[in-house]
Amino acid sequence: MKIRVLGSHGSDMLVKGSTGINHCRSVGFLVNDELMVDAGTLASALTLEQQQRVKHILLSHLHLDHIKDIPPLVDNLSGLVDHQVVVASLPSVVQGLQEHIFNDRVFPNFFNLQGAGYSILRAQGLEVRKEIRLPGGISVTPVLVNHTVETVGFVIRGDSVAWIYSGDTHVTEEIWQIAAKTPNLKGIFIEVSFPDSMMDMAIRSKHLTPTLLAQEFRKIGKPNLPLFVYHMKPIVREAILQEIAQLDIETITVLEEGQEIEL
Ligand SMILES: [Zn+2]
Ligand SMILES: [Zn+2]
């Protein structure tokens, strides 16, 4: 399974770091050119041809840094493609998207465009712990995690490979228990948003710091499992990177925009 990192941060910013200028972008991962896992970055990082191939968008939750590039996508594709783009998440998330964004005030309701013949967006409500099959031989199971709003992580399975995406989360249990039992698990994506010096903020906003990341990763009991880190807040990126470098986890990779991972 090919995963392309369109955005690996918890916000958008140009950051001058030790290795040059990094263009930090909000969370978005493109899987096998057709499936998005979160959509904080989508249209702004893809050519029109690439955008036309996106058929499914999985949303972990409703926070803006995970949804904000859906409006430009449908604006670009409307009238150009004859397929629907399916937006799949918990019912509260797909309903919230229509109430707060696609509500004919902030943005046209592309889930229900009057007179268009068809609507480019189609909502798909997911049930926790219930696997769905997507075109392209991919199956997805949502699992509740622990964030300030209702949020799921995802177990994503292909032919002989599985990986897990944490969504935004604080300390949690169930998704790690599932990770421990998932066959052919080739990687786990876990969020880190703040450095340990901002632990209070991490607790209040229900995110992880590097120390909490290590604690959560150990719960899986698979020390050789490749661990991919994302969702750093750009303003504290350097501090987080320094703390991650001190962790005793050999399999860790901090994801960067433009990176491609083959699992
Ligand atoms: Zn977020
Ligand atoms: Zn969030």
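These figures come from a predicted structure and were not determined experimentally.

(A) Highlighting the sheet that holds strand β12 (residues 162–165). Read across the sheet, seven strands follow the order β9-β10-β11-β12-β13-β14-β15 without closing on themselves; strand pairing throughout is mixed. Strands at the two margins of the open sheet, each flanked by one partner only, are β9 (132–134) and β15 (252–254). On average, adjacent strands in this sheet sit at an angle of 25° to one another, irrespective of strand direction. One ladder, built from four bridges, connects β12 with strand β13 (residues 185–191); its direction is parallel. Following the sheet pairing, isoleucine 164 is matched in β13 by isoleucine 188. Each of β13, β14 (227–230) and β15 is contacted by helix α6 (residues 210–220), which is oriented at about 155° to β13, the strand it contacts most.

(B) Fine view of the pairing of strand β10 (residues 138–144). Counting buried positions along β10 gives six out of seven residues, so the element sits mostly inside the fold. Judged from the three bridges that link them, β9 and β10 form a sheet pairing that is antiparallel. Residue pairing across strands places leucine 134 opposite isoleucine 138, the latter belonging to β10. Where β9 folds back on β10, the antiparallel hairpin that results is connected by three residues, among which glycine 136 adopts a positive phi of roughly 90°. Bridge analysis of β10 against strand β11 (residues 152–157) gives six bridges, and the strand direction is antiparallel. Bridge assignment links valine 140 to a residue of β11, and that residue is isoleucine 156.

(C) Examining the sheet that holds strand β5 (residues 35–39) more closely. Judged by pairing direction, the sheet is mixed, and its seven strands sit side by side in the order β8-β7-β6-β5-β4-β1-β16 without closing on themselves. In this open sheet, the two edge strands, each paired with only one partner strand, are β8 (121–125) and β16 (260–262). Direction aside, the axes of adjacent strands within the sheet are offset by 25° on average. Across four bridges, the pairing between strand β4 (residues 28–31) and β5 is antiparallel. When the sheet's bridge partners are listed, glycine 28 is paired in β5 with alanine 39. Together, β7 (85–89) and β8 form the strand contacts of helix α3 (residues 91–100), whose direction differs from that of β7 by roughly 125°.

Scoring rules and cut-offs
- Residues numbered from 1 in each chain as written.
- Chains lettered and ligands numbered in written order.
- Predicted model: local features only at pLDDT ≥ 70, side-chain atom pairs only at ≥ 80, totals over all residues.
- Heavy atoms only, no water.
- Pairing = 2+ DSSP bridges.
- Helix = DSSP H or I, 4+ residues; strand = E, 2+ residues; numbered from the N terminus.
- Axes fitted to C-alpha atoms, helices over the stretch in contact; angles between N-to-C directions.
- Contact = heavy atoms within 4.5 Å.
- Buried < 20%, exposed > 50% of the residue type's maximum accessible area, 1.4 Å probe, protein only.

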